Amino acid sequence: MNKLPIKKLVDGLLKLQDTGESAVILGIGPMSKNCVQAALELSKEDDYPIMFIASRNQVDADELGGGYVNNWNQFTFVKAVKDVAASIDYDNLCYICRDHGGPWQRDKERNDHLAVDEAMELGKKSYIADIEAGFDLLMIDPTKDPIEVGKVIPLETVLERTVDLIEFCEQQRIARNLPEIGYEVGTEETNGGLTSTETYEKFILKLKEELNKRNLPMPTFIVGQTGTLTRKTEQIGTFNFKNALSLAVMAKQYGVGLKEHNGDYFDDVTLLEHIPSNIAASNVAPQYGTQETRAYLNLAKVEQRLKDQGLIEKASAVREVLLEHAIKCERWRKWMVGEQKNLTIAQITSDPILADEILDIAGHYTFNDNEVKAEIEKMYANLKNNHIDGQRYVIDYIKRPIRDYAESYNLKGVTSRIRRVLA
């Protein structure tokens, strides 16, 4: 299959914007192997490209701690995607992407308040593994502050580190004689990131100047703030069409696509606004994890009803085990609002309503826990004995929100349109 480099893909998207035939490419958080299969099946069925966007917490080198998703490192992640693709005779465009690569991008590095040199070194090690595993796009994100969460470091520092890291990655790629890769830069931070067109253009101009000095490629995407913000299991931001359009037009002048982050849980009105706003791509991740958790809980209810009817001797403890592990993992804290970030485990377990909310938010962080996996397999076996394919239901359930987005984002058939416009 003749796979387009991701930069060419975005060039095609930007050309299609002029004819009204463009689309918003989905960056899908690979929350599980089921999620990967759901995305690939839809990409094949409806002829559109997809990007899997893996954060360093989700997928990383074993020596750096691995990832919470299936314990994947870069190589096992790429193999898993290829295995799923082969199993469904996948024939479209799939891009493996690093989301938020760079220093302090693992929770542990941030919590340990690592010094700049050490954090940069670990970020580089992670990038080398990305490059060697064959990633198509690397997000260069040196915007985290090691001490203060939410603090945005000066733009000059971001620029300097961004260019240094792109240069490092290009040197590593060329030394290994590997094909070109794309880069994504910028930040979606709402508190001082690339929000205004003035700051955005200043960033692009300075970036272009510094990249040209070192004979380095312009990025494929620049992230800009479109007003989005995901908390709990909802979209609490307000999509800013005017800002999105002005940033997209600005980026396009330099041959770059505007990338949106925090694109989860949009209503249909917001989804439909995305095409005229000329956003090139949008990232969605936690929504698919929550969707899979809900699928398991639905199956657990079916299993219990079958037990009540005497059709199952012993039901699994999927719900109870998922709940226990979701609360104890404490990864829900980053999605909470206000003082709820500081809740104790005892406070949550004593409040059934709050506990259910935490399960909805953080269930997906526990899918790889041995006890959780064992209970899911028990549930699948019980359902299979009653002619229900539990895993097929889960995959189809994850496909629902992806399909909703794909319809609104004009994705159906866009691979063929891109190939046509580039030809």
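Owing to the predicted nature of the structure, the values given are computational and were not obtained by experimental measurement.

Asks: Help me understand helix H9 (residues 268-277), please; the structure alone is not making it clear to me.
Replies: In an α-helix, one turn spans 3.6 residues, which is why side chains three or four residues apart end up on the same side. Among all positions in H9, only Thr270, Leu271, His274 and Ser277 are buried. Projected down its long axis, H9 carries its buried residues within an arc of 115°, all on one side. Pointing more than 90 degrees away from the buried face of H9 are the exposed residues Asp268, Val269 and Leu272. In the core, the buried residues of H9 are packed alongside helix H8 (241-253), strand S9 (257-260) and helix H15 (390-408). The distance from a side-chain oxygen at the start of H9 to the backbone nitrogen of Val269 is 3.3 Å, and the residue carrying that oxygen is Asp267. Where H9 ends, the next residue or the one after it, Asn278, has phi of about 65°, a positive value.

Asks: Hey, could you run me through the packing of helix H11 (residues 318-329) against helix H13 (residues 352-362) in this one?
Replies: Two quantities define a packed helix pair, namely the angle between the axes and the distance from one axis to the other. Running from amino to carboxyl end, H11 crosses H13 at an angle of 80°, the nearest separation of the two axes being 9 Å. Looking at the two axes, H11 sits roughly perpendicular to H13. Judged by residue contacts, Arg319, Leu322, Leu323, Ala326, Ile327 and Cys329 of H11 engage Ala355, Asp356, Ile358, Leu359 and Ala362 from H13. Each residue belonging to the contact of H11 with H13 can be placed in one class, and the counts come to nine nonpolar, no polar and two charged.

Asks: Is there a simple way to explain the environment of Phe52 in this structure?
Replies: Here Phe52 shows up in strand S2 (residues 50-54). The spatial distance from the C-alpha of Phe52 to the C-alpha of Val81 is 9.2 Å, given a sequence separation of 29 residues. Those residues in contact with Phe52 that lie beyond four places of it in its chain are Ile28, Pro30, Val36, Ala39, Leu40, Phe77, Val81, Cys94, Tyr95, Ile96 and Cys97.

Asks: Please explain helix H14 (residues 370-384) as it appears in this structure.
Replies: The first and last C-alpha atoms of H14 sit 21 Å apart over 15 residues, in line with the 21 Å expected at 1.5 Å per residue. As for H14, its buried residues are in contact with helix H2 (33-46), helix H10 (286-308), H11 and H15.

Asks: Help me understand the sheet that holds strand S6 (residues 221-223) in this model?
Replies: Each strand in a sheet pairs with its neighbour through backbone hydrogen bonds, running either in the same direction (parallel) or in the opposite one (antiparallel). Taken in spatial order, the eight strands of this closed barrel run S1-S2-S3-S4-S5-S6-S9-S10, and their pairing is parallel. Strand-to-strand twist of the sheet, defined as the mean angle between neighbouring strand axes without regard to direction, takes the value 25°. Judged from the three bridges that link them, S6 and S9 form a sheet pairing that is parallel. The residue bridging Val223 from the neighbouring strand is Lys259, located in S9.

Asks: Looking at this structure, how should I read the packing of H2 against H15?
Replies: Two elements in contact, H2 and H15, have axes separated by 8 Å at closest approach and are oriented at 60°. Relative to H15, the element H2 is oriented oblique. For the crossing formed where H2 meets H15, the hand is right-handed. Residues Asn34, Cys35, Gln37, Ala38, Ala39, Glu41, Leu42 and Glu45 of H2 touch H15, and the partners they reach there are Gln391, Arg392, Val394, Ile395, Ile398, Lys399, Ile402 and Arg403.

Asks: Looking at this model, I keep getting lost on the pattern of salt bridges. Mind explaining?
Replies: Where charged atoms from two side chains of opposite charge come close, those side chains can pair. Scanning all chains against the criterion turns up 31 salt bridges. With a closest N to O distance of 4.0 Å, Glu209 and Lys206 form a salt bridge. With Glu209 and Lys206 both in helix H7 (residues 197-213) and three residues apart, the pair spans about one turn of that helix. One salt bridge in this structure joins Glu324 and Lys328, with 3.1 Å as the shortest N-O distance. One end of the pair, Glu324, and the other, Lys328, are both in helix H11, four residues apart, so they sit about a helical turn from each other.

What counts, and at which threshold
Residues numbered from 1 in each chain as written. Predicted model: local features only at pLDDT ≥ 70, side-chain atom pairs only at ≥ 80, totals over all residues. Heavy atoms only, no water. Buried < 20%, exposed > 50% of the residue type's maximum accessible area, 1.4 Å probe, protein only. Helix = DSSP H or I, 4+ residues; strand = E, 2+ residues; numbered from the N terminus. Arc of directions from axis to C-beta. Contact = heavy atoms within 4.5 Å. Polar contact = N/O pair within 3.5 Å; in protein donor to acceptor, adjacent residues only side chain to side chain. Axes fitted to C-alpha atoms, helices over the stretch in contact; angles between N-to-C directions. Parallel < 35°, antiparallel > 145°, perpendicular 65-115°, else oblique. Nonpolar A, V, L, I, M, F, W, Y, C, P; charged D, E, K, R; others polar. Expected span 1.5 Å × (residues − 1). Pairing = 2+ DSSP bridges. Left-handed = near helix turned anticlockwise from the far one by under 90°. Salt bridge = Lys/Arg side-chain N within 4 Å of Asp/Glu carboxyl O.

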